[in-house]
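Spelled out from the first residue to the last, the chains are:
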Amino acid sequence: MGVGLRVLVVGSGGREHALCWKIRQSPRCGALYAAPGNPGMAPLAEIVDIPAREVGRIADWADERRIDLVVVGPDDPLALGIVDELEARGVRVFGPTRAAAQIEWSKSWARRLCIEADVPVPDSGSFDDQSAAHRYVDSRPPGLVVKADGLAAGKGTTVCRTQMEAHAAIDRAMRGRAFGAAGAVIVIEEMLSGFEVSVSAICDGSTYRMLPYACDHKALCDGDRGPNTGGMGTHSPPAGLAPASEREIELRVVAPLVRAMARIGRPFRGFLYPGVFVTPSGVKVFEINARLGDPEAQVILPRLDGDLLELMGVATDGNLARVSPVLPLSDGAACCVVLASAGYPESAQSGIPISGDLTDRPSLLHFHAGTRAAGDGLATGGGRVLGVTGLGTDLAAARDRAYAGVAAVGFAGMQFRRDIGQR
Ligand code: GLY
């Protein structure tokens, strides 16, 4: 047996901690690095002090250190072309090129792709002109979602129950530039009814394999109230997702998207994550991401049996067709509760000491999202601070374990939802 692969994970959140945790379990993994990583990853990976957005520096470092595989977690470096930079230096990388990642960094582009590929989407329009956007709102029934076209750190979506809220959201994005250049173009969609599912697939450019389905809880407060966040908790599998809907998602959404990307010369290699509503009239795609979801990764990866590093290597080489069509999954369930700082999602309180028991157990995992080292201990270092994932034979058991884990941790101003996994 050889010395093992030298692997670099790019990113610093809960998703990247979950990726490191899973990659470390692979017998193929030799040295594991994380750039810039976080204190939770330090026992698993050597921390490399380069921010994820500094794609040229990361590519130089990976080239110099003869990294065998780079795995890119977040959307920003993908949109900045980190995969292209690494490939230009001959470094093997798992993730979509900048051109393929446009499926996430431009919502209007993704919407046109869906329409061309006959992937079902909500009624919607995209606008670079404010007056036209306001007129569109006036022409639609109430219940609209206003989205910044570009990447806005998970904050660019406003759910508007009334026309007045939709007009205000347009003004905020286009006139007030609340999301900077990302809001110069906006997409306005009908609000969908039904239930939301986070769909994930691993793709090799021409084919794909489905990963476990998950449910995200994006609103800040219990009962799906309050502002939208990057995600306050997840569970997997989603209760009540019928096998017929799973087939529809795969055949009407994932397969045509992968085919369409290959057809237009932007083969998608990496994790594809469409957000889907299962509505009374079938599934509809309301967003597409070019990466794993966060906190979705914190329930998907613990449910995936088998060697993720091997699977990503196979996908990088375009050989997924050789892998069994159905990936091995654990029979049980997972539930992740996010612990967020006071002020999140508008702001984040950093430097607040974190106390309690963060010891992982076979059925309780702690993924760091925004922590920093503080003396011998830990302090908050971002909006979402920790993801506490419980595993169990069913969702109720997983949820109980996650909330028991939450009860053992604390920091001043800690916010979390008490109803994760109850949808
Ligand atoms: N949890 C939502 C996202 O990762 O975009």
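Here we summarise the structure given alongside this text.

Reading the values: rules and limits
- Position numbers for residues count from 1 along each chain, tracking the sequence in the order it is written.
- Note on the predicted model: pLDDT of at least 70 is required for a residue's local features to be given, and 80 or more for side-chain atom pairs to be given and counted; whole-chain, interface and lining totals, by contrast, use all residues.
- Processing note: side-chain calculations cover all non-hydrogen atoms of the structure and skip hydrogens and water entirely.
- Each helix corresponds to a stretch of at least 4 residues labelled H or I by DSSP, and each strand to a stretch of at least 2 residues labelled E; elements are numbered beginning at the N terminus.
- For a compact globule the rule gives 2.2 Å times the number of residues to the power 0.38, and the radius of gyration it is set against comes from C-alpha atoms.
- Think of it in three bands: with a 1.4 Å probe and only protein chains considered, a residue is buried below 20% of the maximum accessible area for its type, exposed above 50%, and partly exposed in between.
- Surface accessibility follows the Shrake-Rupley procedure with a 1.4 Å probe radius. Residue values consider only the protein chains on display as shielding.
- His residues and chain termini do not enter the charge count, which takes Lys and Arg as positive and Asp and Glu as negative.
- Charge positions are represented by NZ for Lys, CZ for Arg, CG for Asp and CD for Glu.
- Interaxial angle, 0 to 180 degrees, is taken between N-to-C directions of lines fitted to C-alpha atoms, where a helix line uses only the stretch in contact.
- Note on terminology: angles under 35 degrees are roughly parallel, angles over 145 are roughly antiparallel, angles of 65 to 115 are roughly perpendicular, and the others are oblique.
- Here a crossing is called left-handed whenever its near helix is offset anticlockwise from the far helix by less than a right angle, and right-handed whenever the offset is clockwise.
- A contact between two residues is defined here by any heavy atoms of the two lying within 4.5 Å.
- We call a set of buried residues a nonpolar core when its members are Ala, Val, Leu, Ile, Met, Phe, Trp, Tyr or Cys and they connect through side-chain atoms within 4.5 Å of each other.
- For two strands to pair, DSSP has to find at least two bridges joining them.
- It suffices for a single heavy atom of a residue to lie within 4 Å of a molecule or strand for the residue to be listed as near it.
- Two N or O atoms form a polar contact when they lie within 3.5 Å of each other; inside protein one atom must be a possible hydrogen donor and the other a possible acceptor, and for residues adjacent in sequence the pair counts only when both atoms belong to side chains.
- Residue polarity follows a fixed list, in which Ala, Val, Leu, Ile, Met, Phe, Trp, Tyr, Cys and Pro are nonpolar, Asp, Glu, Lys and Arg are charged, and the others, Gly among them, are polar.
- Using a grid of 1 Å spacing that covers the protein atoms alone, one calls a set of points a cavity when a 1.4 Å probe fits there but cannot get out, and a pocket when the set is open and has protein on both sides within 12 Å along at least five of seven lines; lining residues are those with an atom within 4 Å of a point.
- Grid points are joined across faces, edges and corners, and a volume is the space filled by probe spheres set on the points.

### Overview of the overall build of the protein
For step 1, the next point in the chain: Along the backbone of the protein there are 12 helices and 25 strands.
For step 2, the next point in the chain: Here the C-alpha radius of gyration of the protein, 20 Å, is about what a compact globule of 423 residues would show, namely 22 Å.
For step 3, the next point in the chain: Expressed as a percentage of its 423 residues, the buried residues of the protein come to 58%.
For step 4, the next point in the chain: Element-wise, carbon and sulfur atoms account for 51% of the exposed surface of the protein, whose accessible area totals about 16,500 Å².
For step 5, the next point in the chain: Here the protein carries 44 positive and 48 negative side-chain charges, and the mean point of each set is 1 Å from the other.

### So, unusual backbone geometry
For step 1, the next point in the chain: That bond from Ala35 to Pro36 is cis: its omega, -5°, falls within 30 degrees of zero.
For step 2, the next point in the chain: Note that Pro36 resides in strand 2 (residues 29–36).
For step 3, the next point in the chain: Pro237 follows Ser236 through a cis peptide bond whose omega is 0°.
For step 4, the next point in the chain: Looking at the secondary structure, you find Pro237 in the loop between strand 16 (233–236) and helix 9 (243–263).
For step 5, the next point in the chain: Although it is not a glycine, Asp118 adopts a positive phi angle of roughly 60°.
For step 6, the next point in the chain: Within the element layout of this structure, Asp118 appears in the loop between helix 6 (107–116) and strand 6 (124–127).
For step 7, the next point in the chain: In this structure, Asp224 is a non-glycine residue whose phi angle is positive, near 60°.

### As for the packing of helix 7 (residues 130–139) against helix 8 (residues 163–175)
For step 1, the next point in the chain: The contact between helix 7 and helix 8 brings their axes to 10 Å, and the two run at 165°. Judged on the interaxial angle alone, helix 8 and helix 7 are roughly antiparallel. Classified by chirality, the crossing of helix 8 by helix 7 is right-handed. For the pair helix 7 and helix 8, the contacting residues are Gln130, Ala133, His134, Val137 and Asp138 in the first and Gln163, Ala166, His167, Ile170, Asp171, Met174 and Arg175 in the second.

### Section: the nonpolar core
For step 1, the next point in the chain: Counting 54 residues, the largest nonpolar core has Leu8, Val70, Ile82, Ile103 and Leu257 as its most contacted members.
For step 2, the next point in the chain: Of the residues forming this core, the biggest block, 8 residues, is contributed by helix 9.
For step 3, the next point in the chain: Residues within four places of Leu257 in sequence aside, it is in contact with Ile103, Leu113, Cys114, Val119, Leu272, Pro274 and Ile288.
For step 4, the next point in the chain: Judged by nonpolar contacts, the second largest core, of 39 residues, contains Ala18, Cys20, Met312 and Ala315.

### Some points on the sheet that holds strand 22 (residues 371–374)
For step 1, the next point in the chain: Pairing in this open sheet of 4 strands is antiparallel, and the strands run 22-23-20-25 from one edge to the other. In the strand order of this sheet, the two ends are held by strand 22 and strand 25 (409–410), each with one partner.
For step 2, the next point in the chain: Of the strand pairs in this sheet, strand 22 and strand 23 (residues 377–380) are connected by 4 bridges, and their pairing is antiparallel. The partner of Arg372 across the bridge, within strand 23, is Ala379.

### As for the site of the ligand
For step 1, the next point in the chain: Near the ligand you find Asp216, Lys218, Gly230, Tyr273, Arg291, Gly293, Asp294, Pro295 and Glu296, and these make up its full shell.
For step 2, the next point in the chain: At a separation of 2.9 Å, a nitrogen atom of the ligand approaches a polar side-chain atom of Glu296.
For step 3, the next point in the chain: Computed on the free molecule, the ligand has an accessible area of 200 Å², of which 88% lies beneath the protein chains in the complex.
For step 4, the next point in the chain: Considered class by class, the residues forming the shell around the ligand number 2 nonpolar, 2 polar and 5 charged.

### Quick word on the pairing of strand 16
If a strand is regular, its side chains alternate between the two faces of the sheet.
For step 1, the next point in the chain: Because side chains alternate across strand 16, one face comprises the buried residues Gly233 and His235, and the other comprises Thr234 and Ser236, equally buried.
For step 2, the next point in the chain: Relative to strand 16, strand 13 (residues 215–216) is paired through 2 bridges, and the arrangement is antiparallel. Bridging across to strand 16, Cys215 finds its partner in His235.
For step 3, the next point in the chain: Two strands pair when backbone bridges link them, and strand 16 and strand 19 (residues 333–340) are joined in this way by 4 bridges, in the antiparallel orientation. Among the inter-strand pairings, Thr234 is bridged to a residue of strand 19, identified as Cys336.

### A few points about the packing of helix 6 against helix 9
For step 1, the next point in the chain: Where helix 6 contacts helix 9, the axes come no closer than 10 Å and their chain directions differ by 105°. On the basis of the axis angle, helix 6 is roughly perpendicular to helix 9. Contact residues: Trp109, Leu113 and Cys114 in helix 6; Leu257, Ala260 and Met261 in helix 9.
For step 2, the next point in the chain: For the contact of helix 6 with helix 9, a count of residues per class yields 6 nonpolar, no polar and no charged.

### Here's the deal with the layout of surface pockets
For step 1, the next point in the chain: Counted as a void, the second largest pocket has a volume near 440 Å³.
For step 2, the next point in the chain: Met210, Leu211, Tyr213, Glu246 and Val326 are the residues nearest the centre of the second largest pocket, which is lined by 18 residues in total.
For step 3, the next point in the chain: Mapped onto the lining of the second largest pocket, the elements with two or more residues apiece are strand 12 (208–210) and helix 9.

### Here's the deal with the pairing of strand 9 (residues 186–190)
For step 1, the next point in the chain: Most of strand 9 is tucked away, with 5 of its 5 residues classed as buried.
For step 2, the next point in the chain: Of the two faces of strand 9, both are covered, the one formed by Ile186, Ile188 and Glu190 as well as the one formed by Val187 and Glu189.
For step 3, the next point in the chain: Pairing of strand 7 (residues 144–148) with strand 9 involves 5 bridges; the strand directions are antiparallel. The partner of Val145 across the bridge, within strand 9, is Glu189.

### Quick look at empty space enclosed by the protein
For step 1, the next point in the chain: Evaluation of the coordinates by the stated rule reveals 1 cavity of 30 Å³ or more.
For step 2, the next point in the chain: Counted as a void, the largest cavity has a volume near 40 Å³.
For step 3, the next point in the chain: Along its surface, the largest cavity is lined by Val72, Leu78, Phe94, Gly95, Pro96, Gly270, Phe271, Ala290 and Arg291.
For step 4, the next point in the chain: Considering only residue class, the lining of the largest cavity consists of 6 nonpolar, 2 polar and 1 charged.

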